[in-house]
Amino acid sequence: MMQHLRNPKNVKLVSLFIAAIFVLGCFALSVTQSGFSKMASAAASESAIGVVNFQMVVTQSPELAKVRTAMQEEVKNAQKDFETKSASMNDQEKQQYYQQLQERLANKEKELMDPLMKGIEDAIKKVADKKGLSVVVEKSTVVYGGVDITDEVAKSLQTAKK
């Protein structure tokens, strides 16, 4: 068998066969890659991505002032409550009661912020639907690209509250 492989005619045939397989493999790879990139670019053009500076939208929201006012009132009430009730408590009881008040304040803040956040998310969805965006991400996480809709979302929140 080794003698058949050493025959120059057979070596040429085997080399030609291997070269043909290599060329066909490269051709198939290039066709696959070019077809894939066309599909990827078509998918990218169909699914536009929007970006929004969520923190800026929250700070510009007209509802945030109402939330802050309500929270300041809650904090004042909690301080008064703590001062009156903790006068007769020892240090450990004061610490436990203070933690309970902190939890109560955190729950109140969540209760007040949830509708604000829901309203902002709804505004983002409306603007995204209007612009034909299928995905909206936080602007700080995007390195490059995306349609910035921050100003439009802020404006829609301002007009919705008037």
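Residues numbered from 1 in each chain as written. Predicted model: local features only at pLDDT ≥ 70, side-chain atom pairs only at ≥ 80, totals over all residues. Heavy atoms only, no water.

All told, the structure shown has 2 aromatic pairs when counted by the stated rule. Relative to Tyr97, the ring of Phe82 lies with its centre 6.1 Å away and its plane at 10 degrees, an arrangement referred to as stacked. Of the two residues, Phe82 sits in helix H4 (residues 62-85) while Tyr97 sits in helix H5 (residues 91-131), which places them 15 residues apart along the sequence. Residue class for Tyr97 comes out buried when judged on its relative accessible area of 12%. Geometrically, the ring pair formed by Phe82 and Tyr98 is edge-to-face, given 6.0 Å between the ring centres and 75 degrees between the ring planes. Within this pair, whereas Phe82 is found in helix H4, its partner Tyr98 is found in helix H5, the two being separated by 16 residues in sequence. Judged by relative accessible area, Phe82 falls into the partly exposed class, the value being 22%. Of the residues examined, Tyr98 reaches a relative accessible area of 41% and is grouped as partly exposed. An aromatic cluster of three or more residues is present, and its members are Phe82, Tyr97 and Tyr98. (Phe/Tyr/Trp six-rings, centres within 6.5 Å; stacked < 30°, edge-to-face > 60°. Helix = DSSP H or I, 4+ residues; strand = E, 2+ residues; numbered from the N terminus. Buried < 20%, exposed > 50% of the residue type's maximum accessible area, 1.4 Å probe, protein only.)

The next subject is the confidence of the model for the chain. Taken residue by residue, the chain gives an average pLDDT of 77. The fraction at 70 or more is 71%. By mean pLDDT, helix H1 (residues 2-6) is the weakest element of the chain at 55, and H5 is the strongest at 88. The low-confidence segment residues 36-46, where pLDDT is below 50, has 0 contacts with residues more than four positions distant or belonging to other chains. (pLDDT = per-residue confidence, 0-100. Contact = heavy atoms within 4.5 Å.)

Attention now moves to H4. Helix length check: H4 (24 residues) gives 36 Å between terminal C-alpha atoms against 34 Å at 1.5 Å per residue, within 8%. Turning to H4, its buried residues are Leu64, Val67, Met71, Ala78 and Asp81. Where H4 is buried, its residues touch helix H3 (54-60) and H5. (Expected span 1.5 Å × (residues − 1).)

To continue, consider the sheet that holds strand S1 (residues 48-52). Read from one edge of the open sheet, 3 strands run S2-S1-S3, paired in parallel fashion. Both outer strands of the open sheet, strand S2 (133-138) and strand S3 (147-148), are each paired with one neighbouring strand and no more. Bridge count between S1 and S3: 2 bridges; the pairing is parallel. Following the sheet pairing, Val51 is matched in S3 by Asp148. Across the sheet, H5 lies against S1, S2 and S3, angled at about 135 degrees from S2, the strand it touches most. (Pairing = 2+ DSSP bridges. Axes fitted to C-alpha atoms, helices over the stretch in contact; angles between N-to-C directions.)

The next subject is the pairing of S1. Where S1 lies against S2, 5 bridges are found, and the strand directions are parallel. Across the sheet, residue Val51 finds its bridge partner in S2, namely Val137.

A word on the nonpolar core. By size, the foremost hydrophobic cluster in this structure holds 16 residues, and its most contacted members are Ile120, Ile149 and Val153. Of all the elements in the fold, those that place two or more residues in this core are H3, H4, H5 and helix H6 (150-160). Residue contributions to this core peak at 7 residues, all from H5. When residues no more than four places from it in sequence are discounted, the contact partners of Ile120 are Phe54, Val57, Val58, Ser61 and Leu157. (Core = buried A, V, L, I, M, F, W, Y, C linked by side-chain atoms within 4.5 Å.)

The N-to-C vectors of H4 and H5 enclose an angle of 165 degrees; their axes lie 10 Å apart at closest approach. Between H4 and H5, the angle falls in the class roughly antiparallel. Crossing geometry of H4 relative to H5 is assigned as right-handed. Along the contact surface, H4 presents Glu63, Leu64, Val67, Ala70, Met71, Glu74, Val75, Ala78, Asp81, Phe82 and Lys85, while H5 presents Lys94, Tyr97, Tyr98, Leu101, Arg104, Leu105, Lys108, Glu109, Leu112, Met113 and Leu116. In the contact of H4 with H5, the residues fall into 14 nonpolar, no polar and 8 charged. (Parallel < 35°, antiparallel > 145°, perpendicular 65-115°, else oblique. Left-handed = near helix turned anticlockwise from the far one by under 90°. Nonpolar A, V, L, I, M, F, W, Y, C, P; charged D, E, K, R; others polar.)

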